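Take a look at the letters that make up each chain.
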Amino acid sequence: AMQANPKSGNTTVCVVLDTSASMNQRTASNLTLLDAAKAAIESLVRRFPNEQKNKFLLVTTRNGGTVESGWSDNQANFLQKVKMATARDCGELRPTLRCAFELLDKGRSFNDIDMFGQGRQPWVLIDSASIWLLTDGFTPAPNDTSSFLNLQATSCAGGELYTEAVRWDQRLWVTVLRFPGCGTAAQDATACPPA
């Protein structure tokens, strides 16, 4: 799990929130998966309260990847955008992840972290950027899971200087929200408890 490191530099976490309609599934405690994801995000932000050192970005699966809270937003605005998220689209995770990696690349360019042909600046304390994907794991094409992380190279400025969409110091954390359910309709209906 992501841990706070008080001796480190800046922490950047790009939260990718699945807002597909399947996140409206309810748990046994009558909480939707989207509500559970929102609670987890708020808990993470409380662990990293220093706004000067910790940056949170929010990308949802709306329209194949929409930046809801970007580099110029503060934590209060980030949390407000998280609270306002609704699950009602056909979330596609691959273009949304690409959008998240491109958002992180823009931050690297803006902060002059990548100095192509000149090496890195060792005096700049920048921690690895993390992407935290919260999803129910539903994919419209379940047979396509083998190419899920085969992302195309970025289209950002300077993207032609490297071939991979994922940078060596970026981390992808995935939380798949699941809860026990009943069998399929083909199974005996008496095996499922009443709703």
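Residues numbered from 1 in each chain as written. Predicted model: local features only at pLDDT ≥ 70, side-chain atom pairs only at ≥ 80, totals over all residues. Heavy atoms only, no water.

A. The arrangement of the packing of helix 1 (residues 33-47) against helix 2 (residues 75-84) in detail. Where helix 1 meets helix 2, the axes come as close as 10 Å, and the angle between the chain directions of the two elements is 170 degrees. Looking at the two axes, helix 1 sits roughly antiparallel to helix 2. When helix 1 is examined against helix 2, the residues Lys38, Ile41, Glu42 and Val45 are found in contact with a partner set consisting of Gln75, Phe78, Leu79, Val82 and Lys83. (Axes fitted to C-alpha atoms, helices over the stretch in contact; angles between N-to-C directions. Helix = DSSP H or I, 4+ residues; strand = E, 2+ residues; numbered from the N terminus. Parallel < 35°, antiparallel > 145°, perpendicular 65-115°, else oblique. Contact = heavy atoms within 4.5 Å.)

B. Spatial organisation of the nonpolar core. Counting residues in hydrophobic clusters, the biggest one holds 20 residues, and the most contacted among them are Val15, Leu17, Ile41 and Phe78. Elements with a minimum of two residues in this core: strand 1 (11-17), helix 1, strand 2 (54-60), helix 2 and strand 4 (129-135). In terms of residue count, helix 1 provides more of this core than any other element does, six residues in total. Setting aside residues up to four positions removed in sequence, valine 15 forms contacts with Ile41, Leu57, Leu58, Val59, Phe78, Trp132 and Leu134. Membership of the second largest hydrophobic core comes to 14 residues, among which are Cys14, Leu93, Leu103 and Ala129. (Core = buried A, V, L, I, M, F, W, Y, C linked by side-chain atoms within 4.5 Å. Buried < 20%, exposed > 50% of the residue type's maximum accessible area, 1.4 Å probe, protein only.)

C. Broad picture of the side chain of threonine 12. With respect to the element layout, threonine 12 can be found in strand 1. Given the relative accessible area of 13%, threonine 12 is considered buried. Beyond its immediate sequence surroundings of up to four residues, threonine 12 is in contact with Lys55, Leu57, Trp71, Leu104, Ser128, Ala129 and Ser130.

D. Molecular detail of unusual backbone geometry. Although it is not a glycine, asparagine 30 adopts a positive phi angle of roughly 65 degrees. Relative to the helices and strands, asparagine 30 is located in the loop between strand 1 and helix 1. A relative accessible area of 53% means that asparagine 30 is categorised as exposed. Even without being glycine, asparagine 63 reaches a positive phi, approximately 55 degrees.

E. Seen up close, helix 1. Taking 1.5 Å as the rise per residue, helix 1 with 15 residues should run 21 Å; its terminal C-alpha atoms sit 22 Å apart, in good agreement. Listed as buried for helix 1 are Leu33, Leu34, Ala37, Lys38, Ile41, Leu44 and Val45. Along helix 1, the residues classed as buried sweep out an arc of 140 degrees about the axis, all on the same side. Tucked inside the fold, the buried residues of helix 1 contact strand 1, strand 2, helix 2 and strand 4. (Expected span 1.5 Å × (residues − 1). Arc of directions from axis to C-beta.)

F. The arrangement of the sheet that holds strand 3 (residues 66-69) in detail. A sheet is described by the order of its strands in space; here five strands give the open sequence 3-2-1-4-5, paired in mixed fashion. The strands lining the two open edges of the sheet, one partner per strand, are strand 3 and strand 5 (170-176). The average undirected angle you get between the axes of adjacent strands in this sheet is 25 degrees. Pairing analysis gives five bridges linking strand 1 to strand 4, with the strands arranged parallel. Counterpart to leucine 17 in the pairing with strand 4 is leucine 134. Each of strand 1, strand 2 and strand 3 is contacted by helix 2, which is oriented at about 25 degrees to strand 2, the strand it contacts most. (Pairing = 2+ DSSP bridges.)

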